[in-house]
Amino acid sequence: MKNICIILTLVLVLFLNACNTKQSKPEPHKVSTIESPYLGQKPPSLTPKPFAPGMVTTRNWEYSGVFSPDMREFYFLRQVEGAKEQEFVVFKNEGNTWNEAVISSRQGQPFVAPDGKTMHLGRRYMERNVTNEWSEVKSLDTPFEGLPIMRLTASLKGTYFFDEFKQDFTGDIRYSRLINGAYEEPKLLSKNINTGKSFHPFIAPDESYLIFDSTREGGYGDSDIYISFRQQDDSWSNPINLGDKINTKAWEASASVTPDGKYLFFNRIVGSKEDGNVDIFWVDAKIIETIISK
């Protein structure tokens, strides 16, 4: 009888330990408990503001912020003080909570295609798999092999618009259409776009306009952000400078419009060109209407 009691006691102890172990399983780490869109930020007016101060925009270097088409993922590049490499970072809205994670070291400048199935990283890319995760990083093949691409964006038709960095620190913007399931040989845009240094194109999903940055005569100082509109004959209008609220004497670059069409995101050097910090800014996209209506 005594042995039976001892055995029953041991079984009870083991059962209680198992229960306690299950209850003490740690919860997933949550960086943020913000439950509203745009990482809980108050939307800006027609005056640009740093995006998500303390979360995204900090004293560190942050660059190239883009949302996924469903607006539930925000990707950007970051370099923290003292780090040798830049980080590829994401905030995901999971269960109405925005959680931060470092994906990897920098793989290229991120842009999520309008269908949400491809993450472009310059000349590299990742694809969504059946579990909604990103695949390993792949490289574009023919006809893009060997091209020094910094930023590549895509339209709903699958047309690529991308820059080509050159050794003399000038750049050109090219495009390549998807025809019968294959990409054509990249073609240069017209000279009114490729004047000076033209980089970091963003093509509208319907290809109605193109935003890019360029250093050219008549600008405000360093690189400025411009917009060009597709004409009825498929040519591109003369680029329009986005004005002194967006552009300053500093470097502004890598602009894009959020997938919902509401906000313009771009980058600016804050401080001196030599010692300044790159930050992510956002502004109401209606500022484009105010500029082109003048």
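Please read all numbers here as calculations on a predicted model, not as lab measurements. Note on numbering: residues in each chain are counted from 1, in written sequence order. Local features are withheld for residues below a pLDDT of 70 in this predicted model, meaning they are given only at 70 or higher, and side-chain atom pairs are given and counted only at 80 or more; totals for whole chains, interfaces and linings count all residues. Where side-chain values are given, they derive from all heavy atoms of the structure, hydrogens and water being excluded.

S.K.: I keep staring at the sheet that holds strand β6 (residues 110-112) and nothing clicks. Help me out?
M.R.: For sheets, the rule is that strands pair by backbone hydrogen bonds, running either parallel or antiparallel. Should DSSP find at least two bridges between two strands, the strands are taken to pair. Runs of E in the DSSP output that reach at least two residues are strands. Runs of H or I that reach at least four are helices, and both are numbered from the N terminus. One open sheet accounts for four strands, arranged β6-β7-β8-β9; its pairing is antiparallel. Each of the sheet's edge strands pairs with one partner strand only, and the pair in question is β6 and β9 (138-139). Pairing analysis gives two bridges linking strand β8 (residues 124-127) to β9, with the strands arranged antiparallel. For R124, the partnering residue across the bridge sits in β9 and is S139.

S.K.: How should I be thinking about the sheet that holds strand β4 (residues 87-94) in this particular structure?
M.R.: The strand order across the open sheet built from four strands is β2-β3-β4-β5, with neighbouring strands paired in antiparallel fashion. One side of each edge strand has no neighbouring strand; the edge strands of this open sheet are β2 (61-67) and β5 (97-105). Shown here is a sheet whose adjacent strand axes are inclined to one another by a mean of 20 degrees, direction ignored. Sheet topology note: the β4/β5 ladder contains eight bridges and is antiparallel. Bridging across to β5, V90 finds its partner in A101. Convention adopted: a line fitted to C-alpha atoms gives each axis, helices being fitted over their contacting stretch, and angles between N-to-C directions are expressed from 0 to 180 degrees.

S.K.: What is the right way to look at the pairing of strand β17 (residues 209-215) in this model?
M.R.: Two faces, one strand: in a regular strand the side chains alternate between the faces of the sheet. Partly exposed residues are those whose accessible area sits between 20% and 50% of the maximum for their type, while under 20% is buried and over 50% is exposed, using a 1.4 Å probe and protein chains only. With respect to burial, β17 is a largely interior element, six of its seven residues being buried. Bridge count for strand β16 (residues 197-203) against β17 is five bridges, and the pairing is antiparallel. Bridging from a neighbouring strand, I203 pairs with L210 of β17. Between β16 and β17, which pair antiparallel one after the other, the connecting turn spans five residues, and E207 there sits at a positive phi close to 65 degrees. Bridge count between β17 and strand β18 (residues 224-229): six bridges; the pairing is antiparallel. Following the sheet pairing, L210 is matched in β18 by S228.

S.K.: How should I be thinking about the pairing of β8 in this particular structure?
M.R.: For strand β7 (residues 118-121) and β8, the ladder comprises four bridges, and the chain directions are antiparallel. Across the sheet, the residue bridging to H120 is Y125, located in β8. In textbook terms, the turn of a hairpin is the stretch between consecutive antiparallel strands, and for β7 and β8 this stretch comprises two residues, one of which, G122, has a positive phi near 70 degrees.

S.K.: Help me out: how do you make sense of the packing of aromatic side chains in this one?
M.R.: A ring pair, where both rings are aromatic, is described by two values, the distance of the centres and the angle of the planes. Aromatic pairs are defined between Phe, Tyr and Trp rings, using the six-membered ring for Trp, whenever the two ring centres lie within 6.5 Å; interplanar angles under 30 degrees are classed as stacked, those over 60 as edge-to-face, and all others as tilted. As enumerated under the stated definition, the model contains 29 aromatic pairs in all. On the numbers, 5.8 Å between centres and 80 degrees between planes, the contact of F144 with F162 is edge-to-face. Here the residue F144 occupies a position in the loop between β9 and β10 (152-154), and F162 occupies one in strand β11 (residues 160-165), the gap between them amounting to 18 residues. Under the relative-accessibility criterion, F144 is labelled buried at 2%. Between F212 and Y226, the aromatic rings sit 6.1 Å apart at their centres with planes inclined by 20 degrees, giving stacked as the arrangement.

Honestly, that's just the spatial picture; any functional story needs more than this.
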